[in-house]
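So the chains spell out like this:
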Amino acid sequence: MLHLKNAILNGERRNILIDKGLFVSTNAPESVPDAEETVDCTGAAVLPAFFNAHTHNAMTLMRGYADDICLDEWLRDYIWPFEEKLTPDDIRHGSELAAREMIHTGSVAMNDMYFDIEQTIDVTRKYGLRALIGITVMDNHSKAVEEEKLDFVKNWQDPTGGRIQLVMAPHAVYTVGSDKLVRTAEFARKHNMRLHIHLSETAVEVTDCLREHGMTPVRYLDSIGFLGPDVIAAHCVHVDREEWDILASRGVTVSHCPSSNMKIGSGRFPYELAISSGCRITLGTDGASSNNNLDLRSEMRTAALLAKCVSVDGDGHLVNRGNPELLPAGLVMEWATRNGAEAFGIDGGEIAEGRVADALLVDLSSTRMTPCHNLISNFVYSADSNCISTVICDGHIIG
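Residues numbered from 1 in each chain as written. Predicted model: local features only at pLDDT ≥ 70, side-chain atom pairs only at ≥ 80, totals over all residues. Heavy atoms only, no water.

(A) Local environment of the overall build of the protein chain. Scanning the protein chain from N- to C-terminus turns up 14 helices and 18 strands. A compact globule built from 399 residues would reach a C-alpha radius of gyration of about 21 Å, and the protein chain, at 21 Å, matches this within 12%. Here the C-alpha coordinates of the protein chain stretch approximately 65 × 55 × 40 Å along the principal axes. Here the protein chain, with 399 residues, has 55% of them falling under the buried criterion. (Helix = DSSP H or I, 4+ residues; strand = E, 2+ residues; numbered from the N terminus. Rg over C-alpha atoms; globule rule 2.2 N^0.38 Å. Buried < 20%, exposed > 50% of the residue type's maximum accessible area, 1.4 Å probe, protein only.)

(B) Layout of the packing of helix 2 (residues 88–104) against helix 3 (residues 117–127). Between helix 2 and helix 3, the shortest axis-to-axis distance is 9 Å and the interhelical angle comes to 35°. The two elements helix 2 and helix 3 meet at a crossing, and its hand is right-handed. Across the interface between the two elements, Pro-88, Ile-91, Arg-92, Ser-95, Glu-96, Ala-99, Arg-100 and Ile-103 from helix 2 touch Gln-119, Thr-120, Asp-122, Val-123, Lys-126 and Tyr-127 from helix 3. Counted by class, the contact of helix 2 with helix 3 contains six nonpolar, three polar and five charged residues. (Axes fitted to C-alpha atoms, helices over the stretch in contact; angles between N-to-C directions. Left-handed = near helix turned anticlockwise from the far one by under 90°. Contact = heavy atoms within 4.5 Å. Nonpolar A, V, L, I, M, F, W, Y, C, P; charged D, E, K, R; others polar.)

(C) Fine view of helix 8 (residues 241–250). Considered for burial, the residues of helix 8 that qualify are Glu-243, Trp-244, Ile-246 and Leu-247. In a view along the axis of helix 8, the buried residues occupy a sector of 155°, so they form one face of it. Turning to helix 8, the residues buried within the fold contact strand 10 (195–199), helix 7 (217–223), strand 12 (253–256), helix 10 (271–277) and strand 13 (280–283). The backbone nitrogen of Glu-242 has a side-chain oxygen 3.2 Å away, supplied by the residue at the start of helix 8, namely Asp-240. At the C-terminal side of helix 8, Gly-251 shows a positive phi close to 75°. (Arc of directions from axis to C-beta. Polar contact = N/O pair within 3.5 Å; in protein donor to acceptor, adjacent residues only side chain to side chain.)

(D) Main features of the environment of Ala-35. Structurally, the position occupied by Ala-35 is in the loop between strand 3 (22–25) and strand 4 (37–40). Remark: the alpha-carbon pair of Ala-35 and Leu-2, spanning 33 residues in sequence, is separated by 5.7 Å. Once residues lying within four places of it in the same chain are set aside, the contact partners of Ala-35 are Met-1 and His-3.

(E) Representation of the side chain of Asp-286. Looking at where Asp-286 falls in the secondary structure, it is placed in the loop between strand 13 and helix 11 (296–309). In contact with Asp-286, not counting residues within four places along its chain, are His-54, Thr-55, His-56, Glu-201, His-235, Cys-257, Ser-260 and Leu-294.

(F) Here's a closer look at the side chain of Asn-57. Among the secondary structure elements, Asn-57 is positioned in the loop between strand 6 (50–55) and helix 1 (71–84). Among residues more than four places away in sequence, those in contact with Asn-57 are Gly-94, Ser-95, Ala-98, Met-102, Met-110, Asp-112 and Thr-120.

(G) Up close: the pairing of strand 16 (residues 359–363). Of all five residues in strand 16, four are buried, a share of seventy percent or more. Direction of pairing for strand 5 (residues 44–48) relative to strand 16: antiparallel, over a ladder of five bridges. By the bridge assignment, Ala-44 is partnered in strand 16 with Asp-363. (Pairing = 2+ DSSP bridges.)

(H) The packing of aromatic side chains, seen in detail. Under the counting rule described, the total for this entry stands at eight aromatic pairs. Consider the rings of Tyr-114 and Phe-115, whose centres lie 4.3 Å apart with planes at 20°: the pair is stacked. By relative accessible area, Phe-115 is classed as partly exposed at 28%. Three or more aromatic residues joined by ring pairs make a cluster, and in this case those are Tyr-65, Tyr-78 and Phe-82. (Phe/Tyr/Trp six-rings, centres within 6.5 Å; stacked < 30°, edge-to-face > 60°.)

(I) Focus on the packing of helix 11 against helix 12 (residues 329–336). At a closest axis distance of 10 Å, the pairing of helix 11 and helix 12 adopts a crossing angle of 140°. In this view, helix 11 runs oblique relative to helix 12, as classed from their interaxial angle. Every pair of crossing elements has a handedness; the one defined by helix 11 and helix 12 is right-handed. Of the residues in helix 12, those touching helix 11 at Leu-296, Met-300, Ala-303 and Ala-304 are Val-332, Met-333 and Ala-336. Grouping the amino acids of the contact of helix 11 with helix 12 by side-chain chemistry returns seven nonpolar, no polar and no charged. (Parallel < 35°, antiparallel > 145°, perpendicular 65-115°, else oblique.)

(J) Spotlight on unusual backbone geometry. Following Asn-291, the chain continues into Asn-292 via a peptide bond in cis, with omega recorded as 20°. Structurally, Asn-292 can be placed in the loop between strand 13 and helix 11. With an omega of -10°, the peptide bond between Thr-370 and Pro-371 qualifies as cis. At Asn-10, a residue that is not glycine, the phi angle is positive and equals roughly 50°. Even without glycine at this site, Asp-394 takes up a positive phi of about 55°. Within the secondary structure, Asp-394 sits in the loop between strand 17 (388–393) and strand 18 (396–397).

(K) Main features of the nonpolar core. Within the largest apolar cluster, 89 residues are counted, with the highest numbers of intra-cluster contacts made by Trp-244, Leu-247 and Phe-379. Element by element, the count of residues in this core is highest for helix 11, at six residues. Excluding residues that lie within four positions of it along the chain, Phe-379 makes contacts with Leu-47, Phe-50, Arg-297, Met-300, Met-333, Leu-360, Val-362, Met-369 and Ile-388. (Core = buried A, V, L, I, M, F, W, Y, C linked by side-chain atoms within 4.5 Å.)

Given below as structure tokens:
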């Protein structure tokens, strides 16, 4: 039992009680004799922790390795050759770096897509985090590798008692053919697993899909029955209004990765179309090779500012006119917290009784938080990771 004493919640000083991984009271007494630990939160606000809905943990090893290079050259001449040399031990070290960085910056959960997943699973368990761990699927994987991965799923037992879920992660429409996409979706649904895929990240991806299938990537995936409420689609930069309606109607979750999209030159996410569609939007950092960090609080600020600086018209075309009211701080905070929790199938993302106890304590004495006319605005637009004093996941202090 964890007792948070004198924390600021929704502008009021509260005593918060956590037990068995849940918030059991947000109006507890000042003294709880049975509490295993009491934390004096005087001068700190309690906020929901972050869910990083798209990343590649071990790519921390490539932070700053190949910056300011066009995407094709970046992948072909730098990233893929680097990855071919990685050992399981390398993956473990990269995942450890990622875990420490995410805890320091307020993320308690990540949706990871990479390989040698046993290393990432063990690191996730060690650091007390939550994770969706992707079983990566690509056409260039041999039948033996594919069968080994499927056997891993069939024999899976979560060593954390519920914090880790396996998901099927077909990489993208340009690396996985129709038959394998269909088989992967069928396998995932048979085993009650989520699906994680890159989708419409670049204009080239859309052009190639039109040439090969006669449809854009979203329409193509919909035509083969891939899309559904169990799908988390990363990026979705080049998606038109009709496609956003398709994503929303199928219940797909979209993970927006603003820094990576900007740095690689993928384009501006169509915030207007995405928001108006009603689709569930979350935030992701992507890998540290293309960001170059795993700081989801920073992604909130980047997304909110990028949304405001230019607009798109009714056809989704960019126009040289901004909208300061688009994507306010409260909404982008929901993307990073409550929407992320929902996408992970977790009743969390909010400091409320009965919800999963994932939370941050934010130091209100920090110069970045002073004065505090609006807590959420300060946290989105002004704070940095040093403002986060404590990180709680599943009711346990992990940072």
